[in-house]
Amino acid sequence: MDYIEKRERLVKNLVERKILKTKNVIHAMLVVPREEFLPENAKSSAYIDSPISIGCDQTISAPHMNAIMCEILNIEQDDKILEIGTGSGYHAALCAELISFKHKDFKGHVYTIERYKELAEKAKENLKKTGYDNRVTVIEGDGTLGYPEKAPYDKILVTAASPEKIPVPFKTQLKVGGILCIPAGTKNYIQRLYKIQKLEAEFKIKEITSVRFVPLIGQYGFSDID
Ligand code: SAH
């Protein structure tokens, strides 16, 4: 079976499990080639619904987790998005597909931050060869500080587990009406995924499901040493 067939089968399965729901997210999962974001020896497992090692002790999330987060974010054409934890660049590519869905003159952009230089460089390559580099900027640095240069954002996506206290920059750099999707909890145990909407005078917080992500390490995140 070739990659396209395997990808279609995985997407069908995610739709049947009612994880994938909306047309544009289904489209994005059908067109972004996950195999192109994986190390050579892992490409054949690209369409198994599980996390995969990408080096530097980090993992690309399982496809169902990408789907859940994209559904939560309700990404619209022209959204300005900030992702913390570029990893392979795959989720950034999904976001890039969503901001330009059936739409050539897109004005949106995806900014994505990665703390490992090696992963940031590889993600840049992956995004270039798949043609998403015109809609995604990869930044190397501590993403717990956000990226004030381009704030405020319509959507913020955090793909590493934050401490229970959500980093303040994520809240301040989100637009009123914007959505933050973030896993939070303890460093190496079970965390919960939250959908946080910024309203005029408050944040509306909804708990979605239990999850397990690699830790968010940085000034407003966990420490590197414990
Ligand atoms: N979204 C990725 C998977 C992310 S794994 C993908 O689609 O492949 C989580 C990533 O977050 C790891 O690469 C890790 O190095 C990164 N990370 C952890 N703390 C960070 C921080 N403070 N700033 C930026 N990246 C961070």
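Here, every reference points to the structure presented above.
Let us look at the structure shown here.

### Comments concerning the side chain of Thr86
- Note on placement: Thr86 falls in the loop between strand S3 (80-84) and helix H4 (90-99).
- Taking the relative accessible area as the measure of exposure, Thr86 reaches 3% and is therefore buried.
- Thr86 has contacts with Thr112, Ile113, Glu114, Ala123 and Val138, leaving out every residue within four places of it along the chain.

### Here we look at the site of the ligand
- Around the ligand, 26 residues are found, and the nearest of them are Gly85, Ser88, Glu114, Gly143 and Ile217.
- Here a nitrogen atom of the ligand and a side-chain polar atom of Glu83 are 3.1 Å apart.
- Within the backbone of Ile217, a nitrogen or oxygen atom sits 2.6 Å from a nitrogen atom of the ligand.
- Burial of the ligand by the surrounding chains reaches 99%, relative to a free accessible area of 580 Å².

### Description of the pattern of salt bridges
- Taken as a whole and assessed by the stated rule, the structure comprises eleven salt bridges.
- Close ionic contact of Lys124 with Glu121 constitutes a salt bridge, the shortest N to O distance being 3.9 Å. Taken together, the residues Lys124 and Glu121, both in helix H5 (residues 117-129) and three residues apart, mark about one turn of the helix.
- Here Lys124 falls in the partly exposed class, since its relative accessible area comes to 39%.
- Across the salt bridge formed by Glu207 and Arg192, the nearest N and O atoms sit 2.9 Å from each other.

### Details of the nonpolar core
- Among the nonpolar cores identified, the biggest contains 48 residues, and Met29, Val110, Val136 and Leu193 are the most heavily contacted of them.
- Sorting the residues of this core by element identifies helix H1 (3-16), helix H2 (23-31), strand S1 (52-55), helix H3 (63-73), H4, H5, strand S5 (136-140) and strand S8 (174-185) as the ones contributing at least two each.
- In contact with Leu193, other than residues within four places in its own chain, are Met65, Ile68, Met69, Ile72, Cys181, Ile182, Pro183, Lys206, Glu207, Ile208, Thr209 and Val211.

### What about unusual backbone geometry?
- At the junction of Ala151 and Pro152, the peptide bond is cis and its omega measures out at 5° in the coordinates.
- By the element assignment, Pro152 lies in the loop between S5 and strand S6 (153-158).
- Although it is not a glycine, Cys56 adopts a positive phi angle of roughly 55°.
- Among the structural elements, Cys56 can be located in the loop between S1 and strand S2 (58-60).
- If you check the backbone angles, Asn74 has positive phi at about 50° while not being a glycine.
- Among the secondary structure elements, Asn74 is positioned in the loop between H3 and S3.

### Overview of the layout of surface pockets
- Each pocket or cavity is described by its volume, and for the largest pocket that value is around 850 Å³.
- Taken together, 44 residues form the lining of the largest pocket, with Gln58, Thr59, Thr159, Ala160 and Val214 sitting closest to its centre.
- Split into classes, the residues belonging to the lining of the largest pocket amount to 19 nonpolar, 17 polar and eight charged.

### Details of the packing of H3 against H4
- It is the contact of H3 with H4, at a shortest axis distance of 11 Å, that shows an interaxial angle of 40°. By the angle between their axes, H3 is oblique relative to H4. Viewed along their axes, H3 and H4 form a crossing whose handedness is right-handed. Note on element contacts: H4 touches H3 through Tyr90, His91, Leu94 and Leu98, opposite Asn66, Met69 and Cys70.

Parameters at a glance
- Residues numbered from 1 in each chain as written.
- Predicted model: local features only at pLDDT ≥ 70, side-chain atom pairs only at ≥ 80, totals over all residues.
- Heavy atoms only, no water.
- Helix = DSSP H or I, 4+ residues; strand = E, 2+ residues; numbered from the N terminus.
- Buried < 20%, exposed > 50% of the residue type's maximum accessible area, 1.4 Å probe, protein only.
- Contact = heavy atoms within 4.5 Å.
- Near = heavy atom within 4 Å.
- Polar contact = N/O pair within 3.5 Å; in protein donor to acceptor, adjacent residues only side chain to side chain.
- Areas by Shrake-Rupley, 256 points an atom, 1.4 Å probe, with all protein chains shown as cover.
- Salt bridge = Lys/Arg side-chain N within 4 Å of Asp/Glu carboxyl O.
- Core = buried A, V, L, I, M, F, W, Y, C linked by side-chain atoms within 4.5 Å.
- 1 Å grid on protein atoms, 1.4 Å probe; cavity = no way out; pocket = protein on both sides within 12 Å on 5 of 7 lines; lining within 4 Å.
- Points joined across faces, edges and corners; volume = space filled by probe spheres on them.
- Nonpolar A, V, L, I, M, F, W, Y, C, P; charged D, E, K, R; others polar.
- Axes fitted to C-alpha atoms, helices over the stretch in contact; angles between N-to-C directions.
- Parallel < 35°, antiparallel > 145°, perpendicular 65-115°, else oblique.
- Left-handed = near helix turned anticlockwise from the far one by under 90°.

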